Amino acid sequence: AGIGALLLAVSLSIFFTRRRTKQDIYNQRYNPYVVGEAVHDPEMFFGRDILMRDLFQSLKSNSLCITGERRIGKTTMLEHLEKTAQKPMFSFFCNLEGVKEELFFSRIMQHLVNKIHAELKDGSGNLGKLTLFEKDRESYDEVDFEDDIESVLSWLRSNYDPQASIIMCLDEIDATQGFSNDTHSSLRNVFQTYQGAIRLVAAGVSI
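Okay, so let's go over this structure.

### Concerning the sheet that holds strand 1 (residues 64-67)
- Within the open sheet, the four strands sit side by side as 1-4-3-2. Their pairing is parallel. The open sheet has two edge strands, strand 1 and strand 2 (89-95), and neither has a second partner. If you compare each strand with its neighbour and ignore which way they point, the axes differ by 15° on average.
- Looking at chain direction, strand 1 and strand 4 (residues 198-204) are connected through four bridges and run parallel. Opposite C65, over in strand 4, you have A202 as the bridge partner.
- Helix 4 (residues 104-119) contacts strand 2 and strand 3 (165-171) of the sheet and is inclined by roughly 130° relative to strand 2.

### Considering the nonpolar core
- One finds I149, L156 and M168 to be the most contacted residues of the largest nonpolar core, which totals 38 residues.
- Elements with a minimum of two residues in this core: strand 2, helix 4, helix 5 (142-159), strand 3, helix 6 (181-193) and strand 4.
- Top element by residues in this core is helix 4. It accounts for seven residues.
- Once residues lying within four places of it in the same chain are set aside, the contact partners of I149 are M109, L112, I166, M168, Y194 and I198.

### Quick notes on the side chain of E172
- Position of E172 among the secondary structure elements: in the loop between strand 3 and helix 6.
- Only 3.5 Å separates the side chain of E172 from the side chain of R70, close enough to count as a polar contact.

### Considering the pattern of salt bridges
- The tally for this structure, following the rule as stated, stands at three salt bridges.
- The shortest N-O distance in the salt bridge between E172 and R70 comes to 3.5 Å. Taken as a pair, E172 in the loop between strand 3 and helix 6 and R70 in the loop between strand 1 and helix 3 (74-84) lie far apart in primary sequence, 102 residues in all.
- Among the salt bridges present, the one from D144 reaches K135, with a minimum N-O distance of 2.8 Å.
- A relative accessible area of 8% means that D144 is categorised as buried.

Rules used in this analysis
- Residues numbered from 1 in each chain as written.
- Predicted model: local features only at pLDDT ≥ 70, side-chain atom pairs only at ≥ 80, totals over all residues.
- Heavy atoms only, no water.
- Pairing = 2+ DSSP bridges.
- Helix = DSSP H or I, 4+ residues; strand = E, 2+ residues; numbered from the N terminus.
- Axes fitted to C-alpha atoms, helices over the stretch in contact; angles between N-to-C directions.
- Contact = heavy atoms within 4.5 Å.
- Core = buried A, V, L, I, M, F, W, Y, C linked by side-chain atoms within 4.5 Å.
- Buried < 20%, exposed > 50% of the residue type's maximum accessible area, 1.4 Å probe, protein only.
- Polar contact = N/O pair within 3.5 Å; in protein donor to acceptor, adjacent residues only side chain to side chain.
- Salt bridge = Lys/Arg side-chain N within 4 Å of Asp/Glu carboxyl O.

Following this line, the structure appears as structure tokens:
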């Protein structure tokens, strides 16, 4: 009886200690992931096949938001999505950390053009006269962005895939929280204008 009572006491102590520890972890918003860079090597990205399949299936008709604590794997997932997207999707990655509002649209377009030059070298110089290279970056606005998107989409559908769609993988989307309502409305208008031709995968801590 004495041994049984002792075992019961030990079991109860372990149970309440674990429950209290879990509650403390939750209250402190403890992050168990190792602090460091994203996993850039595709061979080291494993165990998420079903998740990636679901993401690509959703991207056929929707834009997506990925949110979670820092160092939880959002950037790694965006980079892997960019690297593994297949025709007719043409995806590119853009980190918005520290971006100024007046440079928002030009930064996105610059990364899109860079990806085209890197992946589709043959003939990519014939993108046409993009406004991106003709105006001062601080005066490059949503109208210029739409004009350039039109040119890039036309080029991709002639040289990449007839049904090409652009997948924007935008990391650190939190950087835009302080932007004006006009900028956010302008971005929404772009997606409405090119509904089906452009998809957004945005990642951030708080979206």
